[in-house]
Amino acid sequence: MPTFSNPVLPGSRPDPSICRVGADYYLVTSSFAYFPGLPVHHSRDLVDWTPLGHVVDRPSQVSLTGLDVSDGLWAATIRHHEGTFYVVVTLARGRRGSTTHLFTASDPAGPWSDPVALDAEGIDPSLFFDDDGRCWFTACRDAAEPEETGPGELWMRELDLHRQELTGPTYALWYGAVRGAWVEAPHLYKRDGVYHLIAAEGGTEHHHAVTAARAESVTGPYTTDPRSPLLTHRHRGAAEPVHNVGHADLVDTPAGETWAVVLGTRPTDGTHTLGREVFLVPVEWTDRGPVFAPETGRVGLSERLPAGVAAPPAPDGRPVRDDFAGPALGPEWTGLRGPTDHLVFPLPGEGGLSIRLSPEPLSSTGTPAFVARPQQHLRMRAAALVRLTAPAPGQEAGLVVFQNERRHATLALTVDGDGTRQAVLTAVDAGISTRLGAVPVTGTEVVLAVDGDEAAYAFHVEDGARSTVGSIERPFFSTERAGGFVGVHLGLYGTSGTGEGEAHVRWFEYVPDRD
């Protein structure tokens, strides 16, 4: 039987939501404080996904200024109804829901509208369009009486599509299947006249799980599906290749099948650096409700292809090289908290990317001169050909392995007060910078590289010959050590205490190793 490899969207792409229009599938994931925000992907087979663009691509839409990397845009839902695409999402501040935004578009590739702020508290908003055309908004929030019901509550109000505002009474739907655990990520589906409420419980780490309730009426009352959790890896051992499974969204195929996208992680020796990724799982409907992964009861690294997909897609693992030919960065590249005017490309006559050095450091909650893409493979090589133009003391530019503003590492070209050029490896932990190594460089343009594997990230300079500057153990960049909700991003940056100076990046390449 032909199979595909999970995850279908590797790297830090958490909280997947999916919808289908005809033969086309569209998927959106969380982006936190990265900008552009809320990446949209497209597929024709549920397995091979192509980036389309972003819902948030203008600073006028949402302000991310001052936010921690793991705050920002959380857990969006994408839906389509009568020619219009809808995305609802929470803007989080201080790890709590701050504002709920509604975006619309006629084309999922954009442009998306300026957001409408909905009168909704909590996080993880979702939309459900019933057979009568009415639209119902669901989300999760703190329960009013947690000692009686549990800490979280799923709730509902009707969304007036014409006025784009919530209207009518508020309905408390469900408090979850696991009392004492927060219930979140509600998505509502209707099957044979029965409403099925799918949610997540147990947090987003090891105890993450998919749970469910059902009702005869859209507003309830909802009763817990006694089979809950319907999907989890909380009971599996450390050798299980996929952990932290949850946050499911379902979609029906033209062939009549149902599949779920879920998030999961791939830890190594108890820690993961790639973040929460998108996995694809078959779903079978029964009289009792949905059955996830009916043949195995688990999310595997290999799964049968959806019906109607004749052959597996080309395996992920192709090298990527970006020469920055312009006129814009590809959708896989993002910065922090907003657009930066410090990136210019292509350079006249030679191509490449120019980085105007910024006084904003990577350790701030501002908008530094920084651009990156998610690391997608445990074993990989990232490299860039970098030149520091007319270097002066206090200037640096180069390669960054970025977990968050308080934990990252840079391999940068610098110059000392006596004019000596160096490539310097620096680690930032809890906001404190430590110089780990340096090698002199003689060329005006050198290759800065990092090789990652199960054990460590090793940093190298290629300046006529290859020199190793130093290495950092892989768990240093893990979510378990750093906290938060994001995975490692690999990218480019440039800083200067005076805000003066410029660097040139001729190319960037990412070479995965799947062996």
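Figured I'd write up the structure that's included with this text.

Here is what the cut-offs are and how they apply
- Residues numbered from 1 in each chain as written.
- Predicted model: local features only at pLDDT ≥ 70, side-chain atom pairs only at ≥ 80, totals over all residues.
- Heavy atoms only, no water.
- Salt bridge = Lys/Arg side-chain N within 4 Å of Asp/Glu carboxyl O.
- Helix = DSSP H or I, 4+ residues; strand = E, 2+ residues; numbered from the N terminus.
- Buried < 20%, exposed > 50% of the residue type's maximum accessible area, 1.4 Å probe, protein only.
- 1 Å grid on protein atoms, 1.4 Å probe; cavity = no way out; pocket = protein on both sides within 12 Å on 5 of 7 lines; lining within 4 Å.
- Points joined across faces, edges and corners; volume = space filled by probe spheres on them.
- Pairing = 2+ DSSP bridges.
- Phe/Tyr/Trp six-rings, centres within 6.5 Å; stacked < 30°, edge-to-face > 60°.
- Nonpolar A, V, L, I, M, F, W, Y, C, P; charged D, E, K, R; others polar.
- Axes fitted to C-alpha atoms, helices over the stretch in contact; angles between N-to-C directions.

Moving on to the pattern of salt bridges. On inspection of all chains with the given rule, the structure shows 35 salt bridges. Note that D249 is salt-bridged to R79, the shortest N-O span being 3.0 Å. Of this pair, D249 sits in strand β20 (residues 243-252) while R79 sits in strand β7 (residues 72-81), placing them 170 residues apart in sequence. R79 shares its class with D249; the two are buried. With a shortest N-O distance of 3.2 Å, R506 and E445 are connected by a salt bridge.

Now for the layout of surface pockets. Counted as a void, the second largest pocket has a volume near 580 Å³. Around the second largest pocket, the lining comprises 19 residues; the ones closest to its centre are R79, F128, Y189, L250 and D252. Going through the elements one at a time, β2 (17-21), β7, β11 (123-129), β15 (183-191) and β20 are the ones with two or more residues in the lining of the second largest pocket. In terms of residues, the lining of the second largest pocket owes the most to one element, β15, which gives four residues.

Right, let's get into the pairing of strand β23 (residues 289-292). Here strand β22 (residues 277-286) runs beside β23; their pairing, made up of four bridges, is antiparallel. By the bridge assignment for β23, V283 is matched with F292. Connecting β22 to the next strand, β23, in antiparallel fashion are two residues.

Our next topic: the packing of aromatic side chains. Applying the stated criterion to the full structure yields 13 aromatic pairs. An angle of 55° between the planes, with centres 5.6 Å apart, marks the rings of F137 and W155 as tilted. Taken together, the residues span a long stretch of sequence, with F137 in strand β12 (residues 135-142) and W155 in strand β13 (residues 152-160) at a distance of 18 residues. With relative accessibility at 0%, the residue F137 sits in the buried group. An angle of 70° between the planes, with centres 4.8 Å apart, marks the rings of Y457 and F477 as edge-to-face.

The buried fraction of strand β5 (residues 37-43) is high, at seven of seven residues. Here five bridges tie β5 to strand β6 (residues 50-56), and the two strands are oriented antiparallel to one another. Within β6, the residue paired with V40 across the bridge is G53.

All right, on to empty space enclosed by the protein then. Throughout the structure, instances matching the rule amount to two cavities of 30 Å³ or more. Volume-wise, the largest cavity comes out at about 120 Å³. Lining the largest cavity are 15 residues, and of these S12, R13, S31, Y34 and H489 sit closest to its centre. Among the residues forming the lining of the largest cavity, the class breakdown is seven nonpolar, six polar and two charged. Classifying every residue of the lining of the second largest cavity by side-chain character gives four nonpolar, three polar and one charged.

This part covers the sheet that holds strand β34 (residues 432-440). A sheet is described by the order of its strands in space; here six strands give the open sequence β29-β38-β31-β32-β33-β34, paired in antiparallel fashion. Two strands lie at the open edges of the sheet, namely β29 (370-374) and β34, each paired on one side alone. Strand-to-strand twist across the sheet, computed as the mean angle between neighbouring axes with direction ignored, equals 20°. Direction of pairing for strand β32 (residues 407-415) relative to strand β33 (residues 421-429): antiparallel, over a ladder of nine bridges. Bridge pairing in β33 links L411 to L425.

What the four strands build is an open sheet, ordered β11-β12-β13-β14; its pairing is antiparallel. Strand pairing shows two members of the sheet lacking a second neighbour, β11 and β14 (165-174), which therefore form its edges. Across the sheet, the axes of successive neighbouring strands diverge by a mean angle of 25°, strand direction being ignored. Sheet analysis places β13 next to β14, joined by six bridges and oriented antiparallel. Bridge assignment links L154 to a residue of β14, and that residue is W174.

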